[in-house]
Every structure is written in structure tokens, then in C-alpha cells.
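What the coordinates show
As a plain string of letters, each chain reads:
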Amino acid sequence: MKIKQIYTGCLAQGAYYIESKGEVAIIDPLREVQPYIDKANKNNAKIKYIFETHFHADFVSGHVTLAEKTGAPIIYGPTAETKFKSHIAADGDVFKLGEITLTVLHTPGHTLESVCYLLKDKDGKDYALFSGDTLFLGDVGRPDLAQKFANLNKEQLAGILYESLRTKIMTLADDVIVYPAHGAGSACGKNLSTETVGTIGEQKRVNYALRANMTKEEFIQEVTDGLLPPPLYFPLNAKLNREGYENVEDIIRDAIAYDVTTFEMVANKIDTVILDVRHQDEYAKGHVPRSIFIGIDGDFAPWVGALIPDIKQPILLITPLGREEESILRLARVGYDNTLGYLKGGFDTWKNEGLEYDTVNSVSAVMLEEIVEEAKEENEKVIIFDVRKDYEYEKEHIENVPSTPLDNINDHLAEFPKEEEFYLHCAGGYRSMIAASILKARGYHNLINVAGGYNAIKKTAIKTIYGIHHSL
């Protein structure tokens, strides 16, 4: 028996490759499926099953394409309804894979069709639980994502999840290994661990939602408390996973490598978003006017999903050289399939043609400290905005600086001055550059980015305070 967790950091997502005696099962595959096929071929094995734990909302799964390429059936849990051919399993159904078996445990609550898959070894012993979004390490799946589709509110779904956990999961032996679908960084929960593999016993000890004497009322209160609004693309991804989608290989193939003239023409003719995915420092030095920065080497997919609400939005890319296909793929992983193409040769091509380009001014935290001190001496005010998340701001922030989180920056546009100079910071510089790009695209050119963000600001004498929320 072989179990391989294939973890994708930018999505905080775990897919699983399970093999026994030449037969393979894939659980919650990513959209690009060829690596699974190649691995099975290398081992002279055949993909027999494609298991889905639920209709994912945070990424587009590879189940449809993998089934088309291999002929393996797609397995969902009870109550699932798809627009493609699938096998809807009953609670307790057993699927044989070589010398092992996988048993369906219907565990509704995160969604109504949510299931876990219990792997039993060749001796019939419970060995591992592939827990999907029902049980994470340190948390459980949020119960508010499927409200509309389930015609239930989050409290009702949380109550259902309570029963699922206590009747199907907490009854398992402590030594059963837990393989969740997500880890820290996923928006599918609020308290996920950075670890990606655990045990049932460990989770009974450390997971707040699995406390032995916890009442259903306490569970509902704690699980639903403090949930941030889900990204806007979540229901759109769930719809693709339920109804089907285009093969990502075709999307990559059809993307056009535009020369500068055609790129500019398409950008002006069609309602496109020019998305620059280079490093923030490169973007600051020079970028196509009105282009939006979301760097490929940061939390790329979640920020694309949060800031580009329409997954059908036509997109033109400016990428680091050699990373064009990767960028298209990374967009498609979260359902953004309408990438028209990319600027051939990257930004240097634009610059070398002598076309107009824009920059973002930056200062170091030390320079900001000097500016703040000089302003105090002159009895003047330095205008600074903090674009980190609310919880980061509430832990610690610069005194008298408002919270204007990047997540909903459009709601704060009236707070940014049109004429006066102002400074932006996040934790390290990635998010503040995204904010700068959005503001510049809306005509705010008097902004200055703080390089190094709050991590650097904390090392200066700039006054900070703890735990007090302040806004304009």
C-alpha cells in the first residue's frame, strides 16, 4: 500500500494518491491531472477510482478531466447531484482497491454531500481517514458555504456537522491517521493547523470542535463565531465542480502570445484586466498603466479570487519569462478560464518599445520613521493606511492609522485622499503592492508603498498600539 499526499501550498490543498496491488485511487485531484496518470503509469498501475469528498468551493477539482482520460468512475457521497456521469455512493459503501478497502462515511455539515473515506488495511484494520473538509487539523469545515444550496442556515448545518463528527469520526480509534483536504491558509476553516497529517487521538486532544463534553449548542456557537465572509468566487467554483468544465490543457493551448501592438490593441478593445504576476519589486520599477499586480509567488489564487469577482473576466497576463503556462494554470485552478493570452517577452518588451509605463514609489520603514518624526516637529500629520486583515490590525498597529483591509478595499475608496500624499503598508509588502496597483488603476497616484511592511515598521521607533480598533 502506498499513500502520497500531494500538497499544493498556494491553495493549502491536499490531494491523495493511493495505490495497492496495481490499483490506484485519487482523492480530491487538482485540475491538472497528468501527474497522477504519469505516476500510475510509472508504477505500472491503473487508476480505478476518483473519489470526491464534496463539491469544492475554493478550487476546481480535476475529477471530470481525469475520468475522461482514464475511464475511472467519479465517486460522490449521498445527496450529490452532478451534470456529468458519476457514481453516487451510499453511506457505508465499500470500494476494494487491491488488498485494501475504502469505506464511505457520510458526514454532512460542511456541505450536505460531504463524505470522509475510511481506509482499511489488508487485515481489515482502520488505518487512515481522508476527511475532506469535514475535519481539519485544529478545526472543522465551516458550515456557512452551502447554506443557499442546502436551504439551511449555518446554525442548522453546524448542528448536522456536530452529529457527523460525534457519530462517524470521534468513534474511530485514536491511532487512525487523519489526512485532511486543507491546511493553514485555506478559507474553508478559521483555525487550521500548519501540519498536514495527524491522528484522531491528537485531534480529540487539541481540536476545539472535538471536546469530549461539548454540547451541540456550544459547538454551533464556537464553529459559527468569527467566520469571515467567503471569497466571492467560492460558489462559482462549486458550480463548476458540480456541472463540469473545460480541459485545462485546452485553455493553456488556446492562450495567445501577443506581440506588444496586439496586446495593447486587445487591452483597449476588450474589457480586460491586465494582470501582472511578477514580483512586487519588479512591478514597482515599471508596469503597464492600469495593470493590477497579484504576484505568482505569493497567495496568488486566493487574492485573485477575492479581488476579481467574475471568473469569466477576460484576462491578459504579464508574467516572469518562462512562467506563462504556470500562470494560466494557476488561474484555472480557481476557475478563471478566460485568459486570452500574455505579453510575449514580458514587460521588458513593452518598455523596450518605448511605450508609456508607470511605477510605484516606495520607502523603507526607516525612511518612514524619519518622515513621521519630521512631521511631528512641523506639527503635521503623515497619512498612513494599513491594508492587512482585521485580525492582524487588531493585534497590533500603528497608532492613529485606520484599518482598510485589502479584502474589501473598494469599500474604503472614499477614505483615500485624491490630492494628499499617503503611505500604504501590509505585513511584508506583497498585499500593499496589490492595494497600490488597484488604487493607481482608479486614479490615486499620490501613494507610496512601505517596503517590508509592518514586519519592518515594528523594528523602528514608530509608535504602535495593541488590540484597539480604529478607523476613520
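For the structure, see preceding data.
Basis of the calculations
- Residues numbered from 1 in each chain as written.
- Predicted model: local features only at pLDDT ≥ 70, side-chain atom pairs only at ≥ 80, totals over all residues.
- Heavy atoms only, no water.
- Patch = residues over 30% accessible without salt bridge, like charges linked within 9 Å, V, L, I, M, F, W, Y side chains within 5 Å.
- Areas by Shrake-Rupley, 256 points an atom, 1.4 Å probe, with all protein chains shown as cover.
- Salt bridge = Lys/Arg side-chain N within 4 Å of Asp/Glu carboxyl O.
- Lys, Arg positive; Asp, Glu negative; His and termini not counted.
- Charge placed at Lys NZ, Arg CZ, Asp CG, Glu CD.
- Helix = DSSP H or I, 4+ residues; strand = E, 2+ residues; numbered from the N terminus.
- Disulfide = S-S within 2.5 Å.
- Pairing = 2+ DSSP bridges.
- Phe/Tyr/Trp six-rings, centres within 6.5 Å; stacked < 30°, edge-to-face > 60°.
- Buried < 20%, exposed > 50% of the residue type's maximum accessible area, 1.4 Å probe, protein only.
- Lys NZ or Arg CZ within 6 Å of the ring centre and 35° of its normal.
- Core = buried A, V, L, I, M, F, W, Y, C linked by side-chain atoms within 4.5 Å.
- Contact = heavy atoms within 4.5 Å.
- Axes fitted to C-alpha atoms, helices over the stretch in contact; angles between N-to-C directions.
- Parallel < 35°, antiparallel > 145°, perpendicular 65-115°, else oblique.
- Left-handed = near helix turned anticlockwise from the far one by under 90°.

On the surface, a cluster of negative charge is contributed by Glu370, Glu374, Glu377, Glu378 and Glu380. By the element assignment, glutamate 377 lies in helix α14 (residues 365-377).

This structure, assessed with the given rule, holds zero disulfides. A disulfide-free cysteine, cysteine 10 has its sulfur positioned 13 Å from the sulfur of cysteine 188, the nearest such atom.

Let us look at the sheet that holds strand β2 (residues 13-20). Two orientations exist for strands paired in a sheet by backbone hydrogen bonds: parallel and antiparallel. One open sheet holds the six strands; their spatial order is β1-β2-β3-β4-β5-β6, and the pairing between them is mixed. The open sheet is flanked by β1 (2-8) and β6 (87-88), the only strands paired with a single partner. Two elements, β1 and β2, share seven bridges in a ladder whose sense is antiparallel. The partner of lysine 4 across the bridge, within β2, is tyrosine 17.

What follows deals with the packing of aromatic side chains. Within this structure, the stated rule accounts for 18 aromatic pairs. Residues tyrosine 16 and phenylalanine 130 carry aromatic rings whose centres are separated by 5.2 Å and whose planes lie at 70 degrees to one another, so their mutual orientation is edge-to-face. One end of the pair, tyrosine 16, is in strand β2; the other, phenylalanine 130, is in strand β10 (residues 126-132), and 114 residues separate them in sequence. The buried category is assigned to tyrosine 16, whose relative accessible area is 1%. Site record: aromatic cluster; members linked through ring pairs are Tyr49, Phe51, Phe95 and Tyr117. The ring of tyrosine 454 carries the charged tip of arginine 388 above its face, separated from the ring centre by 4.2 Å. Positioned above the aromatic ring of tyrosine 444, the side-chain terminus of lysine 418 is 4.2 Å from the ring centre.

Our next topic: the nonpolar core. Counting 84 residues, the largest nonpolar core has Leu275, Ile294 and Leu424 as the members making the most contacts within it. Examining the composition of this core, we find that eight residues originate from one element, helix α16 (residues 430-441), more than from any other. The residues contacting isoleucine 294, other than those within four sequence positions of it, are Leu275, Asp276, Val277, Phe300, Trp303, Val304, Leu307, Tyr430 and Ile434. Core analysis: the second largest hydrophobic core is formed by 24 residues, Leu137, Ala158, Leu165 and Met214 among them.

Further remarks concern the packing of helix α11 (residues 300-307) against α16. Between α11 and α16, the least distance of the axes is 13 Å, while the angle of their chain directions is 30 degrees. The orientation of α11 relative to α16 falls into the category roughly parallel. Crossing handedness for the pair α11 and α16: right-handed. For the pair α11 and α16, contact is made by Phe300, Trp303 and Leu307 and by Tyr430, Arg431, Ile434 and Ile438, respectively.

The next point concerns the sheet that holds strand β15 (residues 292-293). Read across the sheet, five strands follow the order β13-β17-β16-β14-β15 without closing on themselves; strand pairing throughout is parallel. Each edge of the open sheet carries a strand with a single partner, namely β13 (256-258) and β15. Two elements, strand β14 (residues 273-276) and strand β16 (residues 315-318), share four bridges in a ladder whose sense is parallel. Paired with valine 273 across the strands is isoleucine 315, a residue of β16. Packed on one face of the sheet, helix α9 (residues 260-269) meets β13, β14, β16 and β17 (339-343) and runs near 145 degrees to β16.

By themselves these figures say nothing about function.
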